[in-house]
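Residues per chain, in single letters:
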Amino acid sequence: MRARFDDNPSFDALLRRTRDASLRAYEHQEMPYEQLLLDRIADRHTSDAALFSVLFVQQDDSAGERPLGDAPATPVSVALDSAKFDLALSVRDDGDMLHASLHYRADLMADATAASLLVRFGALLDVISADPLSPVRDLGKDGGVGVAPSAAREQAGPAGGG
């Protein structure tokens, strides 16, 4: 999914644009991604990755147990043995707090880099929640949302491999 930044939108406006683009994409979800790429890029080989594979998952667990018809369903954590994507960020909202987990291909990213990414993501969320109408270009000021990469690694502590 692409986003336009040429008009320096606020984060709130960018979020609305992304929501609208997602809803438009859902209207065409019967079109396989691979077919879309083949139609757009004539010289692309199907064995090649597009660029890299990234997954973002946001879950709202604040409701706790959810019924599926007559059967109750309770969220269960599942340990992943390997990264299914180059980078996968999962964010879970339990009603009181956001919990983030990052899975990544260890051959593409060092543990310290992944830990730094999570700390900087948390700092970015803090900045956005303080002022969602702030222009997106202003969110990265002060060394990237106020946390220098070396400081982010120190705050994160040890990280688990992909």
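Residues numbered from 1 in each chain as written. Predicted model: local features only at pLDDT ≥ 70, side-chain atom pairs only at ≥ 80, totals over all residues. Heavy atoms only, no water.

Visitor: Sorry if this is basic, but what is going on with the pairing of strand 4 (residues 87–93) here?
Guide: In the case of a regular strand, side chains alternate between the two sheet surfaces. In this structure, strand 1 (residues 54–60) lies alongside strand 4, joined through 7 bridges in parallel fashion. For F56, the partnering residue across the bridge sits in strand 4 and is L89. Between strand 4 and strand 5 (residues 98–104), which follow one another and run antiparallel, lie 4 residues, and G95 among them has a positive phi close to 100 degrees. (Pairing = 2+ DSSP bridges. Helix = DSSP H or I, 4+ residues; strand = E, 2+ residues; numbered from the N terminus.)

Visitor: Could you clarify how one ought to interpret unusual backbone geometry in this entry?
Guide: Its identity as a non-glycine residue notwithstanding, N8 has a phi of 50 degrees, on the positive side. By the secondary structure assignment, N8 is in the segment before helix 1 (11–26).

Visitor: What is the right way to look at the environment of L133 in this model?
Guide: Along the polypeptide, L133 turns up in the loop between helix 3 (111–130) and helix 4 (136–139). Take L133: its relative accessible area is 60%, and that puts it in the exposed class. Once the C-alpha coordinates of L133 and L14 are considered, the two residues, 119 residues apart in sequence, prove to be 9.9 Å apart. Sequence-distant contacts of L133, that is, excluding residues within four places in its chain, are made with S10 and D12. (Buried < 20%, exposed > 50% of the residue type's maximum accessible area, 1.4 Å probe, protein only. Contact = heavy atoms within 4.5 Å.)

Visitor: Sorry if this is basic, but what is going on with the pairing of strand 5 here?
Guide: When strand 4 meets strand 5, the two strands line up antiparallel, connected through 7 bridges. Bridging across to strand 5, A88 finds its partner in H103.

Visitor: Where do I start with helix 1 in this structure?
Guide: Think of an α-helix as 3.6 residues a turn; residues three or four steps apart then line up on the same face. Under the 1.5 Å per step criterion, the end-to-end length of helix 1 is 22 Å for 16 residues, consistent within 8% with the ideal 22 Å. Residues A13, L14, A21 and S22 constitute the buried set of helix 1. On its buried side, helix 1 packs onto helix 4. (Expected span 1.5 Å × (residues − 1).)

Visitor: Any chance you could explain the nonpolar core here in plain terms?
Guide: Considering soluble globular proteins, one finds that nonpolar side chains tend to be buried as a cluster. Core analysis: the largest hydrophobic core is formed by 6 residues, namely L89, V91, L102, Y104, M109 and A114. Contributing elements (two or more residues each) for this core: strand 4 and strand 5. Non-local contacts of M109, meaning those with residues more than four positions away in its chain, are made with L87, Y104, A114 and L117. (Core = buried A, V, L, I, M, F, W, Y, C linked by side-chain atoms within 4.5 Å.)

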